[in-house]
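# Summary of structural features
If you want the building blocks of each chain, they are given just below.
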Amino acid sequence: MTVATSNSSPKIGLASRLVNSILAIAPLFNIAKQRARKMMIERAESMGVNWRQIVADLQKQDLDGELAKVQNPQIQYPEYYLKHFHAYEEGNLGWLPATEVEVAAYAVHSRIWNDAQPPVEGDARLRQSYIDIVKEQIATHPQDILDIGCSVGMSTFVLHNAYPQAKITGLDLSPYFLAIANYNTRTKHPELVENGQVQWIHATAEQTGLADCSFDFVSCFLLFHELPQDATRQILREIRRVLRPNGHFALMDMNPYSDIYVKMPPYILTLLKSTEPYLDQYFSFDLASELVAAGFETPTIIANTPRHRTVIAKAALERV
């Protein structure tokens, strides 16, 4: 593990600008998007993850019933959230993306490390690398945790394993993702239903509706690369609002300074950008400075994989 030393943000290079011009052409964008999806499915199935069967089995469940339990009908979706994320026309607002989240994570994270470990274990190893750093950097054991951008609950369940005594709130903007999270809780973690340790909230991260100073720890797993910069700034301030004095915020996401991204071939960069509409904004965002502006102390930034970083910031004594 290495500590990132630069606080400035990388510049958008010539290759990246060329890719942007290619993706601005609709037919080429659609080709890249579908190619990226095909590659993920093939990768998952090559390592023994039966993508199609797992998704089909999920879609046989009463997912509409699960949706009714978690959906907030008053939600107004921000315009940025209605984009085509991850090669899906419906973005994050549909059953296909929701039922494919877990298998897609296994595929995307299978090649993070070039060692002998089975590729299918890459996702679990990624999540654990984040937890290891969080526990190393934060001495206290949080009692109330907020998992923003919790998706189908994979990150939430990892947080529960790390802090089994804590109460955890998983918040996401997709009710379809939360429906799967609710289903996974009932079927895979029934003890969390019985003791009420986990709850799911359908809300925007910019305006959670949660009380001031109500959490010891806020966590975001692979969220910020999917946000425009204005939304990121609002979310950082909302996180500061819900944190208690001396509370901590941690995020794990792509590392813009990684050699893997800096030296990525244009073809692969095109496929990546076709599924991530705000990648340039994320890569050029000065996260350390923006955290301080939002009311945090100077963050600690540590590379937890060859292409990811963990960022930990403590709430400053005085809010901005």
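Residues numbered from 1 in each chain as written. Predicted model: local features only at pLDDT ≥ 70, side-chain atom pairs only at ≥ 80, totals over all residues. Heavy atoms only, no water.

By the naming in an unreviewed UniProt entry, the protein chain is Class I SAM-dependent methyltransferase, taken from Pseudanabaena galeata UHCC 0370.

## Digging into the overall build of the protein chain
Counting secondary structure elements, the protein chain contains 14 helices and 8 strands. Within the protein chain, contacts between residues separated by at least 24 positions form 77% of all contacts whose residues are at least 6 apart in sequence. Element-wise, carbon and sulfur atoms account for 54% of the exposed surface of the protein chain, whose accessible area totals about 14,600 Å². (Helix = DSSP H or I, 4+ residues; strand = E, 2+ residues; numbered from the N terminus. Contact = heavy atoms within 4.5 Å. Areas by Shrake-Rupley, 256 points an atom, 1.4 Å probe, with all protein chains shown as cover.)

## Some points on unusual backbone geometry
Of note in the backbone geometry, S151 takes a positive phi value of approximately 55° without being a glycine. One can find S151 in the loop between strand 2 (144–148) and helix 7 (154–162). One non-glycine residue, N246, adopts positive backbone phi at about 70°. Among the structural elements, N246 can be located in strand 6 (residues 243–254).

## A short note on the pattern of salt bridges
One pass over the full model with this rule turns up 13 salt bridges. The closest approach of N and O atoms between D230 and R233, which form a salt bridge, is 3.3 Å. Remark: R233 and D230 occur in helix 10 (residues 229–242); sequence separation between them is 3 residues, near one turn of the helix. Residue classification places D230 among the exposed residues on the basis of a relative accessible area of 54%. Through salt bridges with shared partners, a single network forms among E66, K69 and R186. (Salt bridge = Lys/Arg side-chain N within 4 Å of Asp/Glu carboxyl O. Buried < 20%, exposed > 50% of the residue type's maximum accessible area, 1.4 Å probe, protein only.)

## Section: the packing of helix 5 (residues 95–108) against helix 8 (residues 175–188)
Orientation of helix 5 relative to helix 8, taken along the N-to-C sense of each, is 45°, at an axis distance of 8 Å. The orientation of helix 5 with respect to helix 8, classified from their angle, is oblique. Classified by chirality, the crossing of helix 8 by helix 5 is right-handed. Facing W95, P97, A98, T99, V101 and E102 of helix 5, the residues of helix 8 in contact are Y176, F177, A179, I180, N184 and K188. Looking at the contact of helix 5 with helix 8, its residues break down into 8 nonpolar, 2 polar and 2 charged. (Axes fitted to C-alpha atoms, helices over the stretch in contact; angles between N-to-C directions. Parallel < 35°, antiparallel > 145°, perpendicular 65-115°, else oblique. Left-handed = near helix turned anticlockwise from the far one by under 90°. Nonpolar A, V, L, I, M, F, W, Y, C, P; charged D, E, K, R; others polar.)

## Some words on helix 10
Along its 14 residues, helix 10 runs 20 Å from first to last C-alpha, staying within 8% of the 20 Å computed at 1.5 Å per residue. All buried positions along helix 10 are accounted for by Q229, A231, T232, I235, L236, E238, I239, R240 and V242. Buried-residue contacts for helix 10 involve strand 2, strand 5 (215–221), strand 6, helix 13 (279–283) and helix 14 (287–293). (Expected span 1.5 Å × (residues − 1).)

## Observations concerning the pairing of strand 4 (residues 198–202)
Buried residues dominate strand 4, accounting for 4 of its 5 residues. Here strand 3 (residues 167–172) pairs with strand 4 via 5 bridges, running parallel. Bridged to G170 within strand 4 is W200. (Pairing = 2+ DSSP bridges.)

## Details of the pairing of strand 8 (residues 308–314)
Of all 7 residues that make up strand 8, 6 are buried, and the element is covered over most of its length. By the bridge criterion, 7 bridges tie strand 6 to strand 8 in an arrangement that is antiparallel. Bridge pairing in strand 8 links D253 to R309. In the sheet, strand 7 (residues 300–305) pairs with strand 8 via 5 bridges, with the strands oriented antiparallel. Paired with T305 across the strands is H308, a residue of strand 8.

## Some remarks on the packing of helix 3 (residues 51–59) against helix 5
For the pair helix 3 and helix 5, interaxial distance at closest approach is 9 Å and the crossing angle is 145°. The interaxial crossing formed by helix 3 with helix 5 has right-handed handedness. Contacts from W51, I54, V55, L58 and Q59 in helix 3 reach W95, L96, T99, E100, V103, A104 and A107 in helix 5.

## Section: helix 3
Of all the positions in helix 3, only W51, V55 and L58 are classed as buried. Along helix 3, the residues classed as buried sweep out an arc of 60° about the axis, all on the same side. (Arc of directions from axis to C-beta.)

## A closer look at the confidence of the model for the protein chain
In the predicted model, the protein chain carries a mean pLDDT of 88, and the fraction of residues at 70 or more is 85%. Predicted confidence for residues 1–7 stays below pLDDT 50, and this span has 14 contacts to residues more than four positions away or in other chains. (pLDDT = per-residue confidence, 0-100.)

## Let's talk about the side chain of T185
Structurally, the position occupied by T185 is in helix 8. The buried category is assigned to T185, whose relative accessible area is 4%. Here T185 is in contact with F157, P190, L192, V193 and W200, once residues within four sequence places are set aside.

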